[in-house]
Amino acid sequence: MKLLTFSHQGRTRFGALRGDHDIVALDELGHASLHTALAAGALDELAHAAQARPVTHRLADVQLLPPILAPEKIICVGVNYGKRNEEYQDGSAPPAYPSVFPRFPGSFVGHGQALLRPPESEQLDYEGEIAIVIGKTGRRIAAEDAWQHVAGLTCLNEGTVRDWLRHGKFNVTQGKNFDASGSMGPWLVTADEFDPAAPLTVSTRVNGELRQQDSTDNLMFPFAELIRYISIWTTLKPGDVISTGTPIGAGVRFTPPRFLKPGDVVEVEVSGIGVLSNPVADEAVTPAGASHAE
């Protein structure tokens, strides 16, 4: 089942995609959002309603938003594909533990919405990833039980402002959290649609040119290990997002670097999920400090 959050005529709603083009709204079942539905353990209820209820919207008539609008936690994993450690060319051994950092909900937009290049930098970059959405609360989750805590998977572009990564000696938080610098979606595909043992492929294209591609077979820390490790030190809750790392091929690694410019289109495709697509625009800042796409 593909679950999505969308805006239509000024109202934020959520529902299920039926076929390729039709939406069945599900927010009239007593759940205010997809997030609250996950917290209520209502996936079976949503699946039944998605089949029984009539189509309410056409996909082309709505604006897709990130599937989970305000997760309590968005935890991103760095340098997780095998070749990424070699990409740094620093002679270091593969890491013993995942590298993790937080992102904030406002740093993400939905499918079709513009990624904003801030006026403070011309180094907006892309990072195509697979994101796990948690569906069941857990602490110190065993790896063999990890999949039971997954609501589903979605595509994620972990957009990064590269020069701002280097502002802090021991953190990357600044460069990872510019408003509207990344994207998530287009929808959440529920866990029952996947074989946890089967590899997934993530690909990133810029203006149709393939820049990144790899398989989860090459993850240094697979999904189950990430859930096990992260849940040792924080309670994972429904709606929490874990972004699992990006393959080699980000724009910063080219010579010269190939950063995103206004007018570019970035696509992140994950097998079994679909394509997350976003144009790039410059952020326009008004004297009062508000911003919008230009």
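Residues numbered from 1 in each chain as written. Predicted model: local features only at pLDDT ≥ 70, side-chain atom pairs only at ≥ 80, totals over all residues. Heavy atoms only, no water.

Summed over the entire model, instances satisfying the criterion amount to 20 salt bridges. A salt bridge links Asp27 to Arg13; its shortest N-O distance comes to 3.1 Å. Taken together, the residues Asp27 in the loop between β3 (22-25) and α1 (34-39) and Arg13 in strand β2 (residues 11-18) connect sequence positions 14 residues apart. We classify Arg13 as buried; its relative accessible area is 12%. For Arg117, the salt bridge is made with Asp282, and the minimal N-O distance between the two is 2.8 Å. Remark: Asp282 occurs in strand β19 (residues 274-285) and Arg117 occurs in strand β9 (residues 115-117); sequence separation between them is 165 residues. Linked through salt bridges whose partners overlap, the residues forming this network are Arg103, Asp125, Glu127, Glu158, Arg162 and Lys176. (Salt bridge = Lys/Arg side-chain N within 4 Å of Asp/Glu carboxyl O. Helix = DSSP H or I, 4+ residues; strand = E, 2+ residues; numbered from the N terminus. Buried < 20%, exposed > 50% of the residue type's maximum accessible area, 1.4 Å probe, protein only.)

The UniProt entry lists residues 1-67 under the feature "domain: Rv2993c-like N-terminal" (unreviewed entry), expressed in the numbering used here. Secondary structure content for residues 1-67 is 24% helix and 36% strand, while the C-alpha to C-alpha distance between its ends is 13 Å. (UniProt positions renumbered as here; feature names shortened; annotations may be inferred.)

The next thing to look at is unusual backbone geometry. Residues Gly185 and Pro186 are joined by a peptide bond in cis, for which omega reads 0°. Mapping Pro186 onto the fold places it in strand β14 (residues 182-190). For the bond running from Thr255 to Pro256, omega is -5°, close enough to zero to count as cis. Looking at the element boundaries, Pro256 is found in the loop between β17 (241-243) and β18 (265-270). A positive phi angle is found at Asn207, which is not glycine, with a value near 55°. Turning to its location among the elements, Asn207 is positioned in the loop between β15 (201-206) and β16 (209-215).

We describe a pair of aromatic rings using the distance from one ring centre to the other and the angle between the two ring planes. For the coordinates displayed, the defined rule picks out two aromatic pairs. For the ring pair Trp164 and Phe178, a centre distance of 5.1 Å and an interplane angle of 90° mean the geometry is edge-to-face. Separated by 14 residues along the polypeptide, Trp164 in helix α4 (residues 162-165) and Phe178 in the loop between α4 and β14 bring together distant segments of the chain. Its guanidinium or amino end placed over the ring of Phe254, Arg211 lies 5.4 Å from that ring's centre, counting from NZ or CZ. A cation sits over an aromatic face here: Arg258 above Phe254, 4.9 Å from the ring centre. (Phe/Tyr/Trp six-rings, centres within 6.5 Å; stacked < 30°, edge-to-face > 60°. Lys NZ or Arg CZ within 6 Å of the ring centre and 35° of its normal.)

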